[in-house]
Amino acid sequence: SIHKHSRSVAHAAPMLLKNLVRTGTLLAGARAFAPLAVQRRAFTKMSAAPIGVMVTVEIEEARVPAFLEALKVDAAGSREEEGCLRFDLLKDSEAANTWHFYEIYKDNDAMAVHKTLPHYKAWADFKAGGGVVSQKVAKFTADDFTA
């Protein structure tokens, strides 16, 4: 069922982040192809542990094209934010019309700024216009980016 799957994804998000950190595969924006040592230096300059969210949404089938257009704008803009380390939109392979947003920010302030920017408004306007059948949000923090 969709709800069971959403709970398992939300439960797995902190472990996913920890594994990405441990293996050195958590990458950020333009630094994505930089050597691992360069990536680690970028993360160690942060004053607080990065935070993230895993948002799972089910979208009405008729509204999927509008959803994808809104997220194209939001994702592209988010990836340019200084405080946004990662923004991915993932299509669920088992649940129809379901997507997962995987977002990592330098800190709470960076996440707060994200929600004030014009590209975020594309997502907010889509939600306000209807079409989101369900939404679940899992929030998490990273333990250590240098281990």
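Below is a summary of the structure that appears in this document. (Residues numbered from 1 in each chain as written. Predicted model: local features only at pLDDT ≥ 70, side-chain atom pairs only at ≥ 80, totals over all residues. Heavy atoms only, no water.)

## A word on the nonpolar core
Rules: Working definition of a nonpolar core: buried Ala, Val, Leu, Ile, Met, Phe, Trp, Tyr and Cys residues. They are joined through side-chain atoms within 4.5 Å. Accessible area is worked out with a 1.4 Å probe on protein chains only. A residue is then buried under 20% of its type maximum, exposed over 50%, and partly exposed in between. Counting from the N terminus, the helices are the DSSP runs of H or I reaching at least four residues and the strands are the DSSP runs of E reaching at least two. Note on definitions: a residue-residue contact is assigned when non-hydrogen atoms from the two residues lie within 4.5 Å.
Counting 21 residues, the largest nonpolar core has V57, F67, F101 and W123 as its most contacted members. Looking at this core, the elements that each hand over two or more residues are β1 (51-59), α3 (64-78), β2 (84-91), β3 (98-105), α4 (108-114) and α5 (118-128). Look past the residues within four positions of F101 in its chain and what remains in contact with it is V53, M54, V55, V57, F67, L71, F87, D88, L89 and W123. By size, the runner-up hydrophobic cluster in this structure holds 6 residues, among which are M54, L85, I104 and A138.

## Overview of the layout of surface pockets
The line we're drawing: Every definition here rests on a 1 Å grid over the protein atoms only: cavities are sets of points where a 1.4 Å probe fits but cannot get out, pockets are open sets enclosed by protein on both sides within 12 Å along at least five of seven lines, and lining residues have some atom within 4 Å of a point. Grid points are joined across faces, edges and corners, and a volume is the space filled by probe spheres set on the points. In the scheme used here, Gly and all other residues not listed as nonpolar or charged are polar, with Ala, Val, Leu, Ile, Met, Phe, Trp, Tyr, Cys and Pro taken as nonpolar and Asp, Glu, Lys and Arg as charged.
Volume-wise, the largest pocket comes out at about 200 Å³. Around the largest pocket, the lining comprises 15 residues; the ones closest to its centre are V53, V55, E103, K115 and Y120. Elements with a contribution of two residues or more to the lining of the largest pocket: β1, β3, α4, α5 and β4 (132-141). When grouped by side-chain class, the residues that make up the lining of the largest pocket number 8 nonpolar, 2 polar and 5 charged.

## Concerning the environment of E81
Within the secondary structure, E81 sits in the loop between α3 and β2. Through-space distance from the C-alpha of E81 to that of L117 is 9.3 Å; in sequence the pair is 36 residues apart. Beyond its immediate sequence surroundings of up to four residues, E81 is in contact with Y105, A110, H114, L117 and H119.

## So, α5
What counts here: The arc under discussion is defined with respect to the helix axis, by the directions toward the C-beta atoms.
Where α5 is concerned, the buried positions are H119, Y120, A122, W123 and F126. Buried residues in α5, looked at end-on, bunch into an arc of 145 degrees, giving them a common side. Seen from the open side of α5, the exposed residues pointing more than 90 degrees away from its buried face are P118 and A128. Its buried side turned inward, α5 meets β1, α3, β3, α4 and β4. Positive backbone phi, approximately 90 degrees, marks G130, located one or two places after α5.

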